[in-house]
Amino acid sequence: MTDAISSFGAVGRPVSIHTDDAAKARLKGRYRTETWFKWLGAAAVALAGLFLVLLLSTIVTQAIPALRQNYVTLPIDLSAAKVDPAKLDEVNYDAIAQEALTAKFPNVTSRQDKRLLRGLISTGTGVFLRKDIAADPGMLGGTVDYAVPLDDFADLYLKGLLADVGSDEAISTSVTPSQTSGDIDLTFGDDAMLALARGHGATEGENGMLTLTSGASSLLVAFNGGTVKLTALSPAANGTVIAKGTVIEALDSTAPAASGQAFLRVIETPEASRKISDKVIVWLDMLKSAGLIESRFNSIFFFTGASREPELAGVWGAVVGSFLTMIVTLAIAFPIGVSAAIYLEEFAPRNRLTTMIEVNINNLAAVPSIVFGLLGLAVFLNFFGMPRSAPVVGGMVLALMTLPIIIIASRASLRAVPPSIREAALGIGASKVQTVFHHVLPLAMPGIMTGTILGMAHALGETAPLLMIGMVAFIVDIPGGFTDPATILPVQIFMWADFPEAGFQQKTSAAILILLVFLVIMNAIAVILRRRFERRW
């Protein structure tokens, strides 16, 4: 602000209103307020950016493990004795894969352990094997090495998400077993193992005996080709330690293992607090050390439908359902919304009725989305009897929700076209309709398209209205049309977030990431269209 002259000084120079002490104090206060406002604004932006970074980093960090899937390669017997080429649909492929897995562990003999071992591979193995054989019949006639997807708990363990597993450390004393299998005694050459067991939660009883319950860390000793889980330790008279243990994988012999030949692995998470047992961990480690486990790109997640098994669940069904729903939404909302905007802005008379319509359109834009879901449930499903969980109904509900947004954006774009365009067209003899559709509408179309895309992006992220029309149903098949049962990405995320299995946590974050990518792409298209076709008057 320029200085205003209020009076003249003793030497005839103009005296500004900012020259006295009070004015200088006010000016200083305004500058200080302005500085504070700038800093507060910058702090608000920084805080918002920090929360955004935290949100995105959390989602990305949790989503990354879902992009990979662990497989175990097994020799699958597809000879004529196992698979009849004329009756491929009658073959029990799951049993063939499980036989190949159990053959890798000949020491696993009990019924319970065999059931536990068979649980290492996914229940969808038979489906994948049957599809691959149908696609490549050359697999038949012999034994082929086939990569089988692991169960979700085994997969999470190998990704380091299920238990805090330490590395193998050499034991600096001798270890002597009493036998090679079952419940055995181990003799350690010194008492160092006692302090280690105390440090990992062993319970001390009479005569200094330490018991490693299921609530303590697991101590696994690997030597002589096998693995023993320690269950109790007690000091001996000659300074050694006698430990009791259970053989998880049978030892080759009862020969003493010298210092450095036995290895100790400590699993910090107690067995009672994790979803995977010590036996399964040992079996997975053996498969991994044999080079039979590999990590692959998780194509199952991207190209399959929903499943109750985390390792078999995919987003493709939700992506196709979202695409079909958005097509219906756009096909209904865009022509109706733009037509309504043109009529209200260019042709409708200015009276109380149009004013009331405009006010109600503005109010509808602020109505909670669940209300539109209730409307769709009452009208489309209950009254007209349209198919439940179908993209056509979901698209109609979302179109009702998006219409006010498109109308408001379209009217703003039409209003932004200078009146001189209309006057020039009318001046050379064009009709009102020709003026609007030949001149005004093309100039307003970039803004209309931008508003429409943003409205569609808003509709894509909606969940509540679709829950009311049954699109929360568990749909396994990929929808093939507008009337097939389907779900969409936000609802799929909502369902996965509610499942208790740990494997769905990573898939939920990965699905959120995919939805965010779609929303970013749609907003980027809106920005590009606006900048490319924007006209400045």
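Quantities reported herein were computed from a predicted structural model and do not represent experimental measurements. In this convention, every chain numbers its residues from 1, walking through the sequence in written order. Local features in this predicted model are restricted to residues of pLDDT 70 or higher, and side-chain atom pairs are both shown and tallied only at a pLDDT of 80 or more, whereas totals for entire chains, interfaces and linings draw on every residue. Water and hydrogen atoms were dropped before computing side-chain values, which therefore reflect all heavy atoms in the structure.

Another point: the sheet that holds strand β3 (residues 68-77). Two strands in a sheet stick together by hydrogen bonds in their backbones, pointing the same way (parallel) or opposite ways (antiparallel). DSSP-based pairing: two strands are paired if at least 2 bridges between them are found. Under the DSSP-based scheme used, a helix requires at least four consecutive residues in state H or I and a strand at least two consecutive residues in state E, with every element numbered from the N terminus. The strand order across the open sheet formed by 3 strands is β4-β3-β14, and the pairing between neighbours is antiparallel. On the outer flanks of this sheet lie β4 (143-149) and β14 (293-297), each paired with one strand and no other. Between one strand axis and the next, the sheet turns through 40° on average, direction left out of account. Of the pairings in the sheet, the one linking β3 to β4 comprises 7 bridges and is antiparallel in character. Note on definitions: angles span 0 to 180 degrees between N-to-C directions of axes, and those axes are lines fitted to C-alpha atoms, for helices only across the stretch in contact.

At a minimum axis distance of 9 Å, the contact between helix α16 (residues 489-498) and helix α17 (residues 503-533) shows a crossing angle of 160°. The angle between α16 and α17 places the two elements in the roughly antiparallel class. Between α16 and α17 lies a crossing of left-handed hand. Residues Leu489, Pro490, Ile493, Trp496 and Ala497 of α16 form the contact with α17, whose participating residues are Phe504, Lys507, Thr508, Ala511, Ile512, Ile514, Leu515 and Phe518. As a working rule, the residues Ala, Val, Leu, Ile, Met, Phe, Trp, Tyr, Cys and Pro are called nonpolar, Asp, Glu, Lys and Arg charged, and the rest polar, with Gly in that last group. Here the contact of α16 with α17 is built from residues that sort into 11 nonpolar, 1 polar and 1 charged. Each angle receives one of four descriptions, namely roughly parallel if under 35 degrees, roughly antiparallel if over 145, roughly perpendicular if within 65 to 115, and oblique otherwise. Handedness of a crossing follows from how the near helix is turned relative to the far one, being left-handed for an anticlockwise turn of less than a right angle and right-handed for a clockwise one. Any two residues whose heavy atoms approach within 4.5 Å at even a single point are treated as in contact.

Looking now at a nonpolar patch on the surface. Patch members must show over 30% relative accessible area and no salt bridge, and they are joined within 9 Å when carrying like charges or within 5 Å when they are nonpolar side chains of Val, Leu, Ile, Met, Phe, Trp or Tyr. Residue-level accessible areas treat just the shown protein chains as cover; the underlying method is Shrake-Rupley with a 1.4 Å probe. What counts as a salt bridge is simple: a side-chain nitrogen of Lys or Arg found within 4 Å of a carboxyl oxygen of Asp or Glu. A cluster of nonpolar residues, Leu47, Leu50, Phe51 and Leu54, forms a patch on the protein surface that exposes about 400 Å² of accessible area. In this structure, Leu54 sits in helix α1 (residues 21-63). Exposure categories follow from relative accessible area, calculated using a 1.4 Å probe and restricted to protein chains: below 20% of the type maximum is buried, above 50% is exposed, and the middle band is partly exposed. Note on Leu54: relative accessible area 45%, which makes it partly exposed.

Here we take up the confidence of the model for the protein. Regions with low pLDDT carry predicted coordinates that are not meant to be interpreted in detail. Mean pLDDT over the protein: 88, with 96% of residues reaching 70 or higher. A residue's pLDDT is the confidence the predictor assigns to it, expressed on a 0 to 100 scale. Mean pLDDT across the secondary structure elements of the protein bottoms out at strand β1 (residues 5-8), with 46, and peaks at β3, with 94. Every residue in residues 1-10 is under pLDDT 50, and counting partners more than four places away or in other chains gives 19 contacts.

Along the polypeptide, Asp113 turns up in helix α3 (residues 111-118). Among the residues examined, Asp113 registers a relative accessible area of 16% and is labelled buried. Counting of polar contacts relies on pairs of N or O atoms within 3.5 Å, with two restrictions inside protein: one atom must be capable of donating a hydrogen and the other of accepting it, and residues adjacent in sequence are counted only when both atoms are side-chain atoms. At 3.1 Å, the side chain of Asp113 forms a polar contact with the side chain of Ser110.

On to the packing of helix α9 (residues 316-347) against helix α14 (residues 432-460). For the pair α9 and α14, the least separation of the axes is 9 Å and the interaxial angle reads 140°. As judged from the angle between their axes, α9 and α14 are oblique. As α9 packs across α14, the resulting crossing turns out to be right-handed. Contacts between α9 and α14 involve Ser322, Met326, Thr329, Leu330, Phe334, Val338, Ile342, Glu346 and Phe347 on the former and, on the latter, Lys432, Val433, Val436, Phe437, Val440, Leu441, Met445, Ile448, Thr452, Met456, Ala459 and Leu460. Of the residues contributing to the contact of α9 with α14, the split by class is 16 nonpolar, 3 polar and 2 charged.

What follows covers the packing of aromatic side chains. Note on aromatic pairs: the rings of Phe, Tyr and Trp (six-membered ring only in Trp) are paired at centre separations within 6.5 Å, and the planes decide the class, stacked below 30 degrees, edge-to-face beyond 60, tilted for the rest. Counted by the stated rule, this structure contains 9 aromatic pairs. Here Phe303 and Trp316 contribute two aromatic rings whose centre-to-centre distance is 6.4 Å and whose plane-to-plane angle is 55°, an arrangement assigned as tilted. With Phe303 in helix α8 (residues 299-303) and Trp316 in helix α9, the pair connects residues that are 13 residues apart, well separated along the chain. Both rings, one in Phe383 and one in Phe384, keep their centres 5.0 Å apart while their planes meet at 90°; by these two values the pair is edge-to-face. A residue is classified by how much of its surface remains accessible, and Phe384, at 54% relative accessible area, is exposed. Ring-pair connections join several aromatic residues into one group, and the members of that group are Phe297, Phe301, Phe302, Phe303, Trp316, Trp496, Phe499 and Phe504. Definition used: whenever NZ (Lys) or CZ (Arg) falls within 6 Å of the ring centre and also within 35 degrees of the ring normal, the charge is taken to sit over that ring. A cation over a ring is seen here: Arg296 above Tyr71, with NZ or CZ 5.0 Å from the ring centre. Geometry around Phe499 places Arg308 over its ring, the cationic atom sitting 4.2 Å from the centre.

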